[in-house]
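Residues per chain are reported as follows:
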Amino acid sequence: MILTRALRIVASVLIVLLALLAATSIYLIRRPFPQISGSVRVQGLQAEVQVIRDRWGIPHIFAQDERDLFFAQGYVHAQDRLWQMELSRRVASGRLSEIFGEVTLDTDRFFRTLGLRRVAEEEVRLLNPQQREILEAYSAGVNAYITTHRRRLPLEFTILRLTPEPWTPADSLVFGKLMSWVLGGNWKAELLRAALIARFGEEGAKKLLPPYPEDAPIIVPEEARAYYQAVHPDALWAVPGFLPSTGIGSNNWVVAGSRTATGAPLLANDPHLEGQMPSIWYEAHLVGGRFDVIGATFAGVPGVIIGHNRHIAWGVTNVGPDVQDLYLERLHPNDPTRYLFRGNWEPLRIVREEIRVKRRAEPFVEEVRLTRHGPILNNVIEGLPGYVALRWTALQPNRLYEAVIGINLARNWQEFREALRKWAVPSQNFIYADIQGNIGYQMPGLVPIRAKGNGLVPVPGWTGEYEWVGFIPFEELPSRFNPKPGYIITANNRVPPPRYRYFISAEWDPGFRAKRIEQLLTEKEKLDIPDFQRIQRDVLSLVARIVLPRLEKLNPQDPKAQKALELLKGWDGLLSPESTAAAVYEAFMVKLPEVLFKDVLGKEVYDVYRKAYWLQVPATLDLLGDPPSGWWQGDQGKVLEKALAAAYEELEERLGKDPKQWRWGTLHQPRFTHALGRLPVLAWIFNATPPPTGGDGFTVNNGGYDPDRPFRQTIVASYRQILDLADWDRSLAMHTTGQSGLPFHRHYRDFVSLWAKGEYHPLLFSRARIEASAEGRLVLRP
């Protein structure tokens, strides 16, 4: 009896403790959930603002003037995405180590050296009064939320015991710099090219890094050849994400009314970025003063980045121009504070960066050395011989934010182009449509004109021969207006015609996505929204349709190669998640370059080269069409057979011995990972795993994967929009995760499965449709 009673007491205590733990957990989780109905008094507003959230969690903000509009946008962004905003500004400003400790110190050192924050703060000082007012109003809205919710901050702040500092305009501007960095990467390709030139000469490097025109030279300065020999592979790995992730890019296209069922233009866009949790995009609708604009925003930045207003619609893809150059610098042998330029020893600019590190008593001090070309990278990139400085257009102050607001307000093609004159970096392929029926294309951005060279390889900085002497004039940047075919397509493919007078880039996407989009657009005489949805979901591989005929001619002797070839017979090239043949094909496309290049390049260089997948695949395709090439070691068929057998073995190891159970979707699994979800104990709280998806880095529905972790999908269509200029309310959109950045909120993961299935939600624009779908109505009062 006594034992039984004791056990009951213990059980009761455990139940109470578990109940208390559950209640505490629920409280901590639900505490930050935003108020979306009723009214709130907010200090800093001048008049009442209404925030109507539709049933997909998209806020439609109605303000009486522009200052209150952007104040409210800041407040709403903070309601839903405050942690994401905090993390973004810390990454770009080099302040992660304050909260994560030594583990992020190298990242902080790199971004402090790069100086994104220094440039953003300089840009704040150069803002015109209108842009300053918008950014300050937005910051005030964020800070109003922080001030009134210090005891109701998102879960991440509680776990890290962190209180956010006040938001500032520089925090918003530095995000644009960070995105420029994400969408860039040419300087790292310069190092790879230099390493390949050192081993195989200019001609060999061109074979390995197409599609630069075969008859165009790579200008290799004699003074720099010794440097190329000395580049150590460590330098290629030194920065996280050595090269842009496989498949980063985007699709967009616009079709004139002459080719649509409604007689008005249709415009589609889907930017391809790394999947993350929460989504990089946050949809919002801003109405007040001169503004009535809706679409995808960045949490932390006022305005709309991609979308439409009452008059025009627009979308963007990355151009990828060569706007980053590496300069080899000579420091004085007796005075390391001076460097040589045109025969004179000039003083280095030294910037002392103090990095506070969690659990470290004293800050880490990084002394950043800057030449006229930019920051010297040697302190933060191991394996760089000599001294190497980076010049990049984003490291000089510009008027990018002014362009964003100008686009939001543009009413016609002329005003749209005028806004884009101020767009500096990252250069984007802007497509355009308006309610008058016009369509257009404009490439903006600062693209350097070089006195000598073309930016493909590191060059001597001390001679003064390779300086930038200006930028391509805006009027001479590629542009189209109402083209005869009645459509415009961009998918990171080559922009200028072959005889364009200026050099923009040598590293274009090979164009398979653009070609496939054009095939689908021209199948029908009149197009409608379902056609556009089908195109955005398309996973047919044009690359596979080039490769398969080559394989069909084989007569392999290896039993596993025979089985692999049998599984590919009759396959239509669709990379659908349920396809067995798609899994075999993708495994073969990973193994073939390994068989071709690994032994010749050496493991260290090959491990870097395979990351340049968007260049490696065209190189492989070129060689498939050139059986006598020395890369085949005298027998193309034997090399292909070896790759097929290796692919079959890989799939046996990963998916089991029964090929009937092999599915591309089993291998090709996207995961949306939160910064704290990298810890296994927290993954179930913060991360999301969508259903399996199809495609690869060369299909319209981009499913690029990391060659280091084949075949896990890393690149996704991060946001899809289809805009109908005949009726804005028929427009559709979808991003990857959900509007909320708060775990367990109903809008934290509600988009995940819909996105994976290629579904959409309506992008409501008229007040009547918004009211009919309202989930909550919050009134912000002064």
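Residues numbered from 1 in each chain as written. Predicted model: local features only at pLDDT ≥ 70, side-chain atom pairs only at ≥ 80, totals over all residues. Heavy atoms only, no water.

Chemist: Explain the overall build of the protein chain here, please?
Modeler: The number of helices and strands found in the protein chain is 25 helices and 27 strands. On C-alpha atoms alone, the protein chain measures out to a radius of gyration of 27 Å, which is about the 28 Å that the 2.2 N^0.38 rule sets for 782 residues. As displayed, the protein chain has an accessible area near 30,400 Å², and 52% of this comes from carbon and sulfur atoms. Treating the 93 positive side-chain charges of the protein chain as one cloud and the 87 negative ones as another, the clouds have centres 4 Å apart. (Helix = DSSP H or I, 4+ residues; strand = E, 2+ residues; numbered from the N terminus. Rg over C-alpha atoms; globule rule 2.2 N^0.38 Å. Areas by Shrake-Rupley, 256 points an atom, 1.4 Å probe, with all protein chains shown as cover. Lys, Arg positive; Asp, Glu negative; His and termini not counted. Charge placed at Lys NZ, Arg CZ, Asp CG, Glu CD.)

Chemist: I would appreciate a short explanation of the nonpolar core in the present structure.
Modeler: Nonpolar side chains in soluble globular proteins generally cluster together in the buried interior. Ranked by internal contacts, the top residues of the largest apolar core, which has 150 residues, are Leu114, Trp187, Trp281, Trp392, Phe416 and Leu780. Tallying contributions element by element places helix α2 (residues 66-93) first for this core, with 11 residues. In this structure, Ala544, Ala561, Phe588 and Trp664 belong to the second largest nonpolar core, which totals 67 residues. (Core = buried A, V, L, I, M, F, W, Y, C linked by side-chain atoms within 4.5 Å. Buried < 20%, exposed > 50% of the residue type's maximum accessible area, 1.4 Å probe, protein only.)

Chemist: Teacher, can you tell me more about helix α13 (residues 413-420) here?
Modeler: Every α-helix winds through 3.6 residues per turn, so residues three or four apart in the chain are directed the same way. Residues of α13 that are buried include every one of Trp413, Phe416, Arg417, Ala419 and Leu420, and no others. Buried residues of α13 fall within an arc of 155° about the axis and therefore sit on the same side. As for α13, its buried residues are in contact with β9 (312-318), α12 (400-409), β16 (428-434), β17 (439-442) and β21 (479-481). The opening residue of α13 is Asn412, an N-cap whose side-chain oxygen sits 3.2 Å from the backbone nitrogen of Gln414. (Arc of directions from axis to C-beta. Contact = heavy atoms within 4.5 Å. Polar contact = N/O pair within 3.5 Å; in protein donor to acceptor, adjacent residues only side chain to side chain.)

Chemist: In this structure, what is going on with the packing of helix α17 (residues 559-568) against helix α18 (residues 580-601)? I would like to understand it.
Modeler: Relative orientation and spacing of two packed helices are given, respectively, by the angle between their axes and the distance between those axes. Two numbers describe how α17 lies on α18: the axes approach to 8 Å, and their chain directions differ by 130°. As judged from the angle between their axes, α17 and α18 are oblique. Taken as a pair, α17 and α18 cross one another with a handedness that is left-handed. Residues Ala564, Leu567 and Leu568 of α17 pack against Thr580, Ala581, Val584 and Tyr585 of α18. Along the lines of polarity and charge, the residues of the contact of α17 with α18 split into six nonpolar, one polar and no charged. (Axes fitted to C-alpha atoms, helices over the stretch in contact; angles between N-to-C directions. Parallel < 35°, antiparallel > 145°, perpendicular 65-115°, else oblique. Left-handed = near helix turned anticlockwise from the far one by under 90°. Nonpolar A, V, L, I, M, F, W, Y, C, P; charged D, E, K, R; others polar.)

Chemist: Help me understand the layout of surface pockets in this model?
Modeler: Left-over empty space is what a probe sized like a water molecule reveals as it rolls over the atoms. Estimated volume of the second largest pocket: approximately 550 Å³. Among the elements of the structure, α8 (169-182), β4 (249-255), β5 (266-274), β9 and α12 are those that each provide at least two residues to the lining of the second largest pocket. (1 Å grid on protein atoms, 1.4 Å probe; cavity = no way out; pocket = protein on both sides within 12 Å on 5 of 7 lines; lining within 4 Å. Points joined across faces, edges and corners; volume = space filled by probe spheres on them.)

Chemist: Hey, could you run me through unusual backbone geometry in this one?
Modeler: Backbone phi values are negative for most residues with the exception of glycine, while trans is the configuration of most peptide bonds. At the junction of Met277 and Pro278, the peptide bond is cis and its omega measures out at -5° in the coordinates. Mapped onto the secondary structure, Pro278 falls in the loop between β5 and β6 (281-288). Although it is not a glycine, Arg359 adopts a positive phi angle of roughly 70°. Within the element layout of this structure, Arg359 appears in the loop between β13 (349-355) and β14 (364-370). Take Arg359: its relative accessible area is 78%, and that puts it in the exposed class. A positive phi angle is found at Asn482, which is not glycine, with a value near 50°. Looking at the secondary structure, you find Asn482 in the loop between β21 and β22 (487-490). Residue Asn482 is classed as partly exposed on the basis of its relative accessible area of 35%.

Chemist: Please explain the confidence of the model for the protein chain as it appears in this structure.
Modeler: Fine structural detail should not be taken from predicted coordinates in areas where pLDDT scores are low. The share of residues in the protein chain with pLDDT of 70 or more is 92%, and the mean pLDDT across the chain is 92. Every residue in residues 212-220 scores below 50 in pLDDT, and together they form 25 contacts with partners more than four places removed in sequence or on other chains. The low-confidence segment residues 240-245, where pLDDT is below 50, has 20 contacts with residues more than four positions distant or belonging to other chains. (pLDDT = per-residue confidence, 0-100.)

Chemist: Teacher, can you tell me more about the packing of aromatic side chains here?
Modeler: Any two aromatic rings considered together are summarised by their centre-to-centre distance and by the angle between their planes. Counted under the stated rule, the structure contains 33 aromatic pairs. Ring centres 6.1 Å apart and planes at 40° place the aromatic pair Trp281 and Tyr719 in the tilted group. Of this pair, Trp281 sits in strand β6 while Tyr719 is found in strand β24 (residues 719-724), placing the two residues 438 residues apart along the sequence. For the residue pair Trp281 and Tyr719, the accessibility class agrees, reading buried in each case. Against the face of Phe341 rests Arg372, its NZ or CZ located 4.0 Å from the ring centre. Positioned over the ring face of Phe62 is Arg767, at 4.0 Å from the centre of the ring. (Phe/Tyr/Trp six-rings, centres within 6.5 Å; stacked < 30°, edge-to-face > 60°. Lys NZ or Arg CZ within 6 Å of the ring centre and 35° of its normal.)

Chemist: Where do I start with the sheet that holds strand β19 (residues 459-460) in this structure?
Modeler: Two orientations exist for strands paired in a sheet by backbone hydrogen bonds: parallel and antiparallel. Strand order in this open sheet of three strands is β15-β10-β19, and the pairing throughout is mixed. One side of each edge strand has no neighbouring strand; the edge strands of this open sheet are β15 (387-392) and β19. (Pairing = 2+ DSSP bridges.)

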